[in-house]
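# What the coordinates show
Chain by chain, the residues:
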Amino acid sequence: MRKVAIIGVGYTSFRSISPDVSYKELMYEAAVKAYEDAGVCPRNDIDCFVDAQEDFEIGRAISHIQIPDQLGAVLKPSETVCGDGLLALITAYMHILTGQRDIVAVEAYSKTSNMLTPYWLAAFAMDPIYNRPLKQNPYFIAGMEMNRYMYESATTKEQCAPVSVKNRANGLDNPVAAHGAMITVDDVLSSEMMFYPLSQLDISSPADGCIVMVLASEERARVLSKKPVWIRGVGWATDTHSLQTREWGSAISTQIAAKMAYKQANITYPRKQIDFAEIDDCFSYKELQHMEALNFCSKGEAGKLTAEGVTQKDGDLPINVSGGSLGVGRLAEATGLQKALEVVIQLRGEAGKRQLANANVGLAHAWRGIPHTSSAVAILSNED
């Protein structure tokens, strides 16, 4: 099978609001940086473009027609993935595996500050017969899931709160993070109750920004890049959409996606073979649930490991050193691509104050968010 590497990345700062720029300007800034980093010209070198976006998020139909200009993709083959940005990265990876493409660009962005009714949008993804007519804020799903997860795993809210504390503190060392903060466990526990048992500080806040990556086949990567980051394994899965039939205590789609990625990457002991991970933490309990689904630990152990400092920057398994969604911000379709971005930056040794020692193999994980049950996993390495 062909080897594929990420040879260039470009990204904007992630901000809670960005009234001074349009989403096209965000996209253009990230694209210019990515192409310069990769040493490619979009018109001459890039064979295909893959973007991740949802028409409802953009607020217009056939939003794909708004993309080519600022990516340099006019009259070039392009594809839109109606899913998370990490799934778009996997799609670009598969384009190159076919042998039909040698260089592919991937783009995902967020302009959620433009959205006046984000909860209505999320509710529109719920079952139109049984769930949507209830007219409930869809985040009640996260509250119910957290409650069931804590019951099945014997995890306490006091064990979930340190995730928010850790990730928001990590965000302070990330110059492009929107929501870095120094808070305490007591701050989280005493914050306003939103969707029982989720408190305000258990929930990530939205942010605007854009990420562009350039992928290349082995032959082109070795010529163009001095620091290629190799894609060793990928996986993706979607569980049932129905609230009535889904598994509430475990992240099944993440388990399936992880098994697929581990098999391809020849990972048999994730805790030992993976040096660090960027995993979904849209809600504090989700990081713990996903740690267990990724087989970093057994069910019920994630909260204890977090309390012991295992997932800290200087721990045995650093998780969400970038700040995650809690520290960086929830970036709509770009959320998963931000996870991959941090893994690439770490593997290239370019993370500055938050740089990890001996970072050779990293895992990026994405979950589509409420009310979905879709997940994606990618194993990246600076060694081929």
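Below or above, wherever it landed, is the structure these notes cover. (Residues numbered from 1 in each chain as written. Predicted model: local features only at pLDDT ≥ 70, side-chain atom pairs only at ≥ 80, totals over all residues. Heavy atoms only, no water.)

Our next topic: the sheet that holds strand 11 (residues 374–381). Backbone-to-backbone hydrogen bonds pair the strands of a sheet. The strands run either parallel or antiparallel. Within the open sheet, the 9 strands sit side by side as 3-2-4-7-1-8-11-10-9. Their pairing is mixed. Every other strand in the sheet has two partners, leaving strand 3 (78–81) and strand 9 (276–278) as the edge strands with one partner each. Between one strand and the next, the sheet's axes are offset by a mean angle of 25 degrees, whatever the strand orientation. Pairing of strand 8 (residues 229–238) with strand 11 involves 8 bridges; the strand directions are antiparallel. Within strand 11, the residue paired with Val234 across the bridge is Ala378. (Pairing = 2+ DSSP bridges. Helix = DSSP H or I, 4+ residues; strand = E, 2+ residues; numbered from the N terminus. Axes fitted to C-alpha atoms, helices over the stretch in contact; angles between N-to-C directions.)

What follows deals with the nonpolar core. Counting 47 residues, the largest nonpolar core has Ile6, Leu89, Met213, Leu215 and Leu380 as its most contacted members. Apart from residues no more than four positions distant in its own chain, Ile6 is found in contact with Leu89, Met213, Val214, Leu215, Lys227, Pro228, Val229, Ile231, Val344 and Leu380. Core analysis: the next-biggest nonpolar cluster, separate from the first, contains 44 residues, Ala123, Tyr139, Leu243 and Ala261 among them. (Core = buried A, V, L, I, M, F, W, Y, C linked by side-chain atoms within 4.5 Å. Buried < 20%, exposed > 50% of the residue type's maximum accessible area, 1.4 Å probe, protein only. Contact = heavy atoms within 4.5 Å.)

Quick look at the environment of Ile141 now. In this fold, Ile141 is placed in helix 6 (residues 140–153). It is 14 Å that separates the C-alpha atoms of Ile141 and Trp120, two residues lying 21 residues apart in sequence. Leaving out residues up to four positions away in the same chain, Ile141 has contacts with Met126, Leu243, Arg246, Trp248, Ile370 and Pro371.

Our focus in this paragraph is helix 12 (residues 284–293). Counting buried positions along helix 12 yields 10 of 10 residues, so the element is predominantly enclosed. Inspection of helix 12 places Ser284, Tyr285, Lys286, Glu287, Leu288, Gln289, His290, Met291, Glu292 and Ala293 among the buried residues, and these make up the whole buried set. At the exit of helix 12 stands Asn295, carrying a positive phi of roughly 65 degrees.

Here we take up the side chain of Ser110. Relative to the assigned elements, Ser110 resides in strand 4 (residues 103–110). When its relative accessible area of 1% is taken as the criterion, Ser110 is described as buried. A distance of 2.7 Å separates the side chain of Ser110 from the backbone oxygen of Ala207, its partner in a polar contact. Ignoring sequence-local partners within four residues, the contact set of Ser110 consists of Leu26, Ala207, Asp208, Gly209, Arg330, Leu331, Ala332 and Ala334. (Polar contact = N/O pair within 3.5 Å; in protein donor to acceptor, adjacent residues only side chain to side chain.)

Attention now goes to unusual backbone geometry. For the bond from Tyr196 to Pro197, the omega torsion is 0 degrees, close enough to zero to count as cis. With respect to the secondary-structure elements, Pro197 resides in the loop between strand 5 (193–195) and strand 6 (198–199). Following Ile370, the chain continues into Pro371 via a peptide bond in cis, with omega recorded as 0 degrees. For Pro371, the location among the structural elements is in the loop between strand 10 (361–367) and strand 11. Even without being a glycine, Asn320 presents a positive backbone phi close to 55 degrees. Position of Asn320 among the secondary structure elements: in the loop between helix 13 (302–307) and helix 14 (324–327). Given a relative accessible area of 0%, Asn320 falls into the buried group.

Attention now moves to the packing of aromatic side chains. For the coordinates displayed, the defined rule picks out 7 aromatic pairs. Ring centres of Tyr23 and Tyr109 lie 5.2 Å apart, and the angle between their planes is 15 degrees; this geometry places the pair in the stacked category. Of the two residues, Tyr23 is situated in helix 1 (residues 23–38) and Tyr109 in strand 4; the sequence distance between them amounts to 86 residues. A residue is classified by how much of its surface remains accessible, and Tyr109, at 6% relative accessible area, is buried. Aromatic rings pair up to connect Tyr119, Tyr139, Tyr149, Phe195, Phe283, Tyr285 and Trp367 into one cluster. The residue whose ring lies beneath Arg246 is Trp248, and the NZ or CZ to ring-centre distance is 5.7 Å. (Phe/Tyr/Trp six-rings, centres within 6.5 Å; stacked < 30°, edge-to-face > 60°. Lys NZ or Arg CZ within 6 Å of the ring centre and 35° of its normal.)

Two elements in contact, helix 6 and helix 12, have axes whose closest approach is 10 Å; the angle formed by their N-to-C orientations is 50 degrees. Between helix 6 and helix 12, the angle is such that the two are oblique. Seen from above, helix 6 lies across helix 12 with left-handed handedness. Contact residues: helix 6 offers Ala142, Glu145, Met146 and Tyr149, while helix 12 offers Ser284, Tyr285, Lys286, Leu288, Gln289 and Glu292. The residue makeup of the contact of helix 6 with helix 12, split by class, is 5 nonpolar, 2 polar and 3 charged. (Parallel < 35°, antiparallel > 145°, perpendicular 65-115°, else oblique. Left-handed = near helix turned anticlockwise from the far one by under 90°. Nonpolar A, V, L, I, M, F, W, Y, C, P; charged D, E, K, R; others polar.)

The subject of this paragraph is the pairing of strand 4. The element strand 4 is extensively covered by neighbouring structure, given that 8 of its 8 residues are classed as buried. Here strand 4 shows two buried faces, one formed by Ile103, Ala105, Glu107 and Tyr109 and the other by Val104, Val106, Ala108 and Ser110. In this sheet, strand 4 lies alongside strand 2 (residues 48–52) in parallel orientation, the contact comprising 5 bridges. Across the sheet, residue Cys48 finds its bridge partner in strand 4, namely Val104. When strand 4 meets strand 7 (residues 209–217), the two strands line up antiparallel, connected through 8 bridges. Among the inter-strand pairings, Ser110 is bridged to a residue of strand 7, identified as Gly209.

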